[in-house]
Amino acid sequence: MPIDFANAQSTDTKTIPVIDVSGAISGDGINGVADAIYAAAINHGFFYISNHGIESALMEQAFAVAKAFFELPESEKQAVAVDKNQRGWLAQGMSRLQGSKTHDLKEVFFWGAHTAADDADVLAGKPLCAVNQWPKDFPRLYADLIPYYDAVCQVARRVMAAVAVSLDQPANFFDEVYAKPLARGQMVYYPASTARDEAEARFGVAPHTDFGVLTVLMQDSSGGLQVRAKSGDWIEAPPIPGTLVCNIGDLLARWSNKRFASTVHRVINRTSHARYSIPVFFDPHTDTVIDPVDLGISADNSLFDPVRTGEYIMERNTKSFAQYKK
């Protein structure tokens, strides 16, 4: 491989901005947060959020239980092997993003919003609506992870309120479609990349855009997240203590009629130790129709046909994960 494989430039807060979202959390300063998000979303598609109000203890607890889960024997993880509803444990080698040269170097545990077996959307077989798989012999996973997940979802709701204002809509514009969100979460374990991995052009996650609306990511201190700037250069998105990384997904880029950028990014773990991250893909109800007309774009100027959230994401999943190919 070329010696510059997966190299990226260092960055600063002018390249990927840090946005204080306390005004959106409280509601008292949402317009200022909206302006900052709009500038970040059109120019970068990525931004950090600070002063989000999530306690550091919850963040540390989530990382600790993720590490403990991935250290379990494979037989225990296999008991909650990932299903076609995208719930459970995905082994290494099962994720290969569309267009990549090889599989991703990672393991993942997937879960979604709290959903009962008799839920109407589950019974109807709607895309991505399913009962979570929690390991019975490791109850700590649910107990220690869900408090963080619930806190992130609350923050994401306020970020989406600011997104609405940034697009000249009322702050409650998205409330109805997020009354029962998909809100899919992942715990991700990235082993250290080896020379063989690099020779095979293997990333922790190959270059891609996220499929949904808004991603809220907690990354550990390892680094390795890289973003492709408008110039085409790859830049680092290093961990900043106490912050979360937000990025715009394909569905929000569509919804905004390409005013917002869904930016290509990738991960490579070049440390000598494991890397962990916990993204939450904060997407609306599976039946939500994504149509730029709803955000003030005329039908003549709309660049996209309407699509349904769950169907769109599910189509992308089937091209990226091995359990759909069996």
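Residues numbered from 1 in each chain as written. Predicted model: local features only at pLDDT ≥ 70, side-chain atom pairs only at ≥ 80, totals over all residues. Heavy atoms only, no water.

A. Inspection of the nonpolar core at higher detail. Ranked by size, the top nonpolar core spans 95 residues in total, and within it Phe69, Phe109, Tyr148, Val163 and Met187 carry the most contacts. A total of 17 residues in this core trace back to one element, the largest contributor, which is helix H6 (residues 140–166). Apart from the residues within four sequence positions on either side, Met187 is in contact with Ala66, Phe69, Phe70, Glu107, Val108, Phe109, Trp111, Leu141, Leu145, Ser277 and Ile278. The next biggest cluster of nonpolar side chains, apart from the first, holds six residues, and it includes Phe5, Ala201, Phe203 and Ile268. (Core = buried A, V, L, I, M, F, W, Y, C linked by side-chain atoms within 4.5 Å. Buried < 20%, exposed > 50% of the residue type's maximum accessible area, 1.4 Å probe, protein only. Helix = DSSP H or I, 4+ residues; strand = E, 2+ residues; numbered from the N terminus. Contact = heavy atoms within 4.5 Å.)

B. Spotlight on the pairing of strand E7 (residues 214–219). Most of E7 is tucked away, with six of its six residues classed as buried. Where E7 meets strand E10 (residues 244–248), four bridges bridge the pair, whose relative direction is antiparallel. Within the sheet, the bridge partner assigned to Val216 lies in E10 and is Cys246. Sheet analysis places E7 next to strand E12 (residues 275–282), joined by six bridges and oriented antiparallel. Residue pairing in the sheet places Met218 in a bridge with Ile278 of E12. (Pairing = 2+ DSSP bridges.)

C. View of the sheet that holds strand E5 (residues 184–190). Judged by pairing direction, the sheet is mixed, and its eight strands sit side by side in the order E1-E2-E10-E7-E12-E5-E4-E3 without closing on themselves. At either margin of the open sheet sits one strand with a lone partner, and together these are strand E1 (18–20) and strand E3 (88–90). Along the sheet, successive strands turn relative to each other by an average axial angle of 25°, direction set aside. Helix H2 (residues 30–43) rests against E1, strand E2 (46–50) and E10 of the sheet, and its axis sits at about 165° to E1. Running at roughly 50° to E12, H6 makes contact with E2, strand E4 (107–111), E5, E7, E10 and E12 of the sheet. (Axes fitted to C-alpha atoms, helices over the stretch in contact; angles between N-to-C directions.)

D. Summary view of the sheet that holds strand E11 (residues 265–267). Taken in spatial order, the four strands line up as E6-E11-E8-E9 in an open sheet, and their pairing is antiparallel. At either margin of the open sheet sits one strand with a lone partner, and together these are strand E6 (205–208) and strand E9 (234–236). Going across the sheet, the axis of each strand differs from the next one's by a mean of 20°, ignoring polarity. Pairing of strand E8 (residues 225–228) with E11 involves three bridges; the strand directions are antiparallel.

E. Representation of the packing of H2 against H6 within the structure. The geometry of H2 relative to H6 is characterised by a closest axis approach of 8 Å and an angle of 75° between their N-to-C directions. The angle between H2 and H6 places the two elements in the roughly perpendicular class. Where H2 abuts H6, its residues Ile30, Asn31, Val33, Ala34, Ile37 and Tyr38 lie against Arg158, Val159, Ala161, Ala162, Val163, Val165 and Ser166. Residue classes in the contact of H2 with H6 are distributed as ten nonpolar, two polar and one charged. (Parallel < 35°, antiparallel > 145°, perpendicular 65-115°, else oblique. Nonpolar A, V, L, I, M, F, W, Y, C, P; charged D, E, K, R; others polar.)

F. A look at H2. Here H2 contains 14 residues, and its C-alpha end-to-end distance of 20 Å stays within 8% of the 20 Å for a straight helix at 1.5 Å per residue. Among the structural elements, E1, helix H1 (22–26), E2, H6 and E10 are those in contact with the buried residues of H2. Note on H2: the residue one or two positions beyond its end, Gly45, has a positive phi of about 80°. (Expected span 1.5 Å × (residues − 1).)

G. Looking closely at the pairing of E10. Along E10, five of the five residues are buried, which leaves the element largely enclosed by surrounding structure. Judged by which residues are buried, E10 turns out to be covered on both faces: Leu244, Cys246 and Ile248 on one side and Val245 and Asn247 on the other are all buried. Pairing geometry for E2 and E10, over four bridges, is antiparallel. Residue pairing for E10: Phe46 is matched across the bridge by Asn247.

H. Region of interest: the packing of helix H3 (residues 56–70) against H6. Between H3 and H6, the least distance of the axes is 9 Å, while the angle of their chain directions is 140°. As the angle between them shows, H3 and H6 are arranged oblique. Viewed along their axes, H3 and H6 form a crossing whose handedness is left-handed. Of H6, the residues touching H3 (which contributes Leu58, Met59, Gln61, Ala62, Ala64, Val65, Ala68 and Phe69) are Arg140, Leu141, Ala143, Asp144, Leu145, Pro147, Tyr148 and Ala151. (Left-handed = near helix turned anticlockwise from the far one by under 90°.)

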